[in-house]
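# Descriptive analysis of the structure
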Amino acid sequence: MKKVHIKSYGCQMNVYDGQRMADVLGQEGYVETATPDDADLILLNTCHIRERAAHKVYTELGKLRDLKRERKAQGRETTLVVAGCVAQAEGAEIQRRQPAVDLVIGPQTYHRLPELLAQAKSGRVVDTDLPPEDKFDHLPAPKLAAIVARGVSAFVTVQEGCDKFCAFCVVPYTRGAEFSRPVAQVIAEVERLAQAGVQDVSLLGQNVNAYHGDGPDGRVWTLARLMRRIAEVPGIARIRYTTSHPRDMDEDLIALHRDLPQAMPFLHLPVQAGSDRILAAMNRKHTGDEYRRLIDKIRAARPDIALSSDFIVGFPGESDADFEETLRLIADVRFASAYSFKYSPRPGTPAAELSEQVPPTVMDERLYRLQALVEQHRQEFNHAMVGRTVEILIERNGRHSGQLAGKTPYMQAVQIESAAHRIGDRVMVQIERAGSNSLFGRAVEQPGLAA
Ligand code: 5AD
Ligand code: SF4
């Protein structure tokens with residue numbers, strides 16, 4: 001039996017792509033292995049969003065070259081594949097820097113993996129086309145057993161690429177123009193997931209709320225319409241979507257957070273910065289106050305919604321006063337969680353050409369202050385849960401026996417002690433305590449009674 005080890009970096013879309021590549025390779029007789037040591041095929045599914053991400057890949061490739069040599073000395077061949085956004089952005093450069101790599105494959109050609117692997121046997125191969133044809137048409141449906149093994153929560157990519165061209169971002173270049181999967185294809189995939197016991201789906205896209213897929217009625221469907229349809233699939237109890245752009249948050253989608261029980265009260269809506277001058281330089285197409293007004297609208301529809309964001313500190317030209325505006329926006333919105341990054345120039349993006357780069361020490365200090373403030377709000381959000389009773393979807397066994405781990409509708413991790421429940425149960429839990437990364441609670445009802 002041939003073994004494949006897939007290591008995904010970066011965003012959830014890469015996790016999803018990694019699973020689909022495992023499905024393709026499954027058809028070729030490969031089974032997945034958790035370690036590279038016993039793998040005949042090692043596939044790094046890379047991320048190019050920030051400098052260190054690409055750097056990590058080259059470091060990892062150095063180690064894998066050594067592993068490949070060791071295995072070779074034992075008479076075993078290892079095929080080394082680099083996929084994902086670094087593959088797309090760097091192309092043949094990867095094999096120049098690391099000749100042990102057999103195949104470089106961009107995110108739009110994963111359905112061609114078997115054919116490209118065959119070609120790679122007789123020489124190194126690079127395929128980073130961004131073909132207009134739909135790779136999703138050619139990817140095999142995952143086997144039910146594979147879905148079951150992946151658990152009760154699943155990702156479904158519904159949209160790829162981005163047309164927004166934020167000045168710092170490499171995505172429009174690595175993933176190409178916005179593309180939405182047709183509604184029927186998404187529904188078929190969700191139905192299959194549901195048949196295998198999936199209850200919680202996260203719809204993925206680089207700019208997912210710009211979704212505009214062909215509907216079965218011959219019209220273009222929005223994300224809100226797609227979500228309403230997904231909610232009709234028997235067994236689907238929870239729907240989330242990520243990542244959204246503030247400009248594409250339409251009224252219908254906002255209303256869904258009030259009207260559709262399956263729409264989870266959680267929204268990742270990156271704002272990146274708080275200063276209007278920096279937002280304009282970033283080409284974000286909205287001001288700080290426009291974002292605040294949007295949040296007000298969303299909270300009017302769903303007052304308890306957990307909001308999450310991404311922030312970049314040290315965008316070229318960001319002054320102390322600009323940064324204070326970011327802190328002011330954070331204080332106004334009070335996010336339940338957020339990711340934050342130091343600006344990293346990405347080759348080929350407009351911001352990389354700007355001269356006023358912010359010194360690293362200034363970035364460090366700003367990042368530290370920003371994260372401290374976000375962390376304070378995150379803890380407050382989590383502590384406010386204590387005493388409340390919420391529905392938990394049990395996703396896995398906890399660290400100790402008798403312990404189960406799941407998520408609240410707000411995406412918080414919860415641990416409960418219960419011998420009566422199992423993975424896949426949705427159970428009402430009273431939250432008793434908030435730890436730094438997890439909530440702890442007790443089931444307040446017997447199995448079988450949950451909605
Ligand atoms: N430098 C730092 N952070 C970046 N991001 C995207 N590009 C860059 C960059 N060049 C961050 C943004 C985005 C998240 C996925 O990564 O905050 O929302
Ligand atoms: Fe990048 Fe997101 Fe901006 Fe698109 S909307 S360019 S993916 S940061």
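Bear in mind that the values here come from a model prediction, so they are computed numbers and not experimental data.

The rules we used
- Residues numbered from 1 in each chain as written.
- Chains lettered and ligands numbered in written order.
- Predicted model: local features only at pLDDT ≥ 70, side-chain atom pairs only at ≥ 80, totals over all residues.
- Heavy atoms only, no water.
- UniProt positions renumbered as here; feature names shortened; annotations may be inferred.
- Buried < 20%, exposed > 50% of the residue type's maximum accessible area, 1.4 Å probe, protein only.
- Contact = heavy atoms within 4.5 Å.
- Near = heavy atom within 4 Å.
- Nonpolar A, V, L, I, M, F, W, Y, C, P; charged D, E, K, R; others polar.
- Domains from an automatic or database assignment.
- Buried area = accessible area lost by both parts, 1.4 Å probe.
- Phe/Tyr/Trp six-rings, centres within 6.5 Å; stacked < 30°, edge-to-face > 60°.
- Helix = DSSP H or I, 4+ residues; strand = E, 2+ residues; numbered from the N terminus.
- Lys NZ or Arg CZ within 6 Å of the ring centre and 35° of its normal.

This part is about the UniProt feature "binding site: [4Fe-4S] cluster 1" (unreviewed entry) in the protein. Here the UniProt-annotated "binding site: [4Fe-4S] cluster 1" (unreviewed entry) positions come out as Cys11, Cys47 and Cys85. The greatest C-alpha distance among the annotated residues, which extend across 75 residues, is 10.6 Å, indicating that they converge on a single site. With relative accessibility at 39%, the residue cysteine 11 sits in the partly exposed group. Given the relative accessible area of 10%, cysteine 85 is considered buried. Apart from the residues lying within four places of it in its own chain, the contact partners of cysteine 85 are Thr46, His48, Pro107, Thr174 and Arg175.

Glancing now at the site of ligand 2. Residues in contact with ligand 2, as listed here, are Cys162, Lys164, Phe165, Cys166, Phe168, Cys169, Val171, Pro172, His245 and Arg284. Broken down by class, the residue content of the shell around ligand 2 amounts to 7 nonpolar, 1 polar and 2 charged.

Time to look at the domain arrangement of the protein. Here the domain parsing of the protein yields domain 1 (2-127), domain 2 (135-383) and domain 3 (389-443). Between the C-alpha centres of domain 1 and domain 2 the distance comes to 27 Å. Every contact between the two is made by 24 residues of domain 1 and, on the other side, 29 residues of domain 2. Carbon and sulfur atoms supply 57% of the area buried between domain 1 and domain 2, which totals about 2500 Å² over both sides.

Time to look at the packing of aromatic side chains. The geometry of an aromatic ring pair is captured by two quantities: the separation of the ring centres and the angle between the planes. All told, the structure shown has 6 aromatic pairs when counted by the stated rule. Taking 5.6 Å as the distance between ring centres and 80 degrees as the angle between the ring planes, the aromatic pair formed by phenylalanine 311 and phenylalanine 335 counts as edge-to-face. Here phenylalanine 335 lies in the loop between α14 (320-333) and β16 (337-342) and phenylalanine 311 lies in strand β15 (residues 306-313), a separation of 24 residues in the sequence. For phenylalanine 311, a relative accessible area of 0% gives the class buried. An angle of 75 degrees between the planes, with centres 6.0 Å apart, marks the rings of phenylalanine 381 and tyrosine 410 as edge-to-face. Taken together, the residues phenylalanine 381 in helix α15 (residues 360-383) and tyrosine 410 in the loop between β18 (403-407) and β19 (413-417) connect sequence positions 29 residues apart. Phenylalanine 381 gets classed as partly exposed once you look at its relative accessible area, which sits at 21%. A relative accessible area of 5% means that tyrosine 410 is categorised as buried. Members of the aromatic cluster, connected to one another through ring pairs, are Phe168, Phe315 and Tyr343. Across the ring face of tyrosine 58, the terminal group of arginine 97 is positioned such that the distance to the ring centre comes to 3.6 Å.

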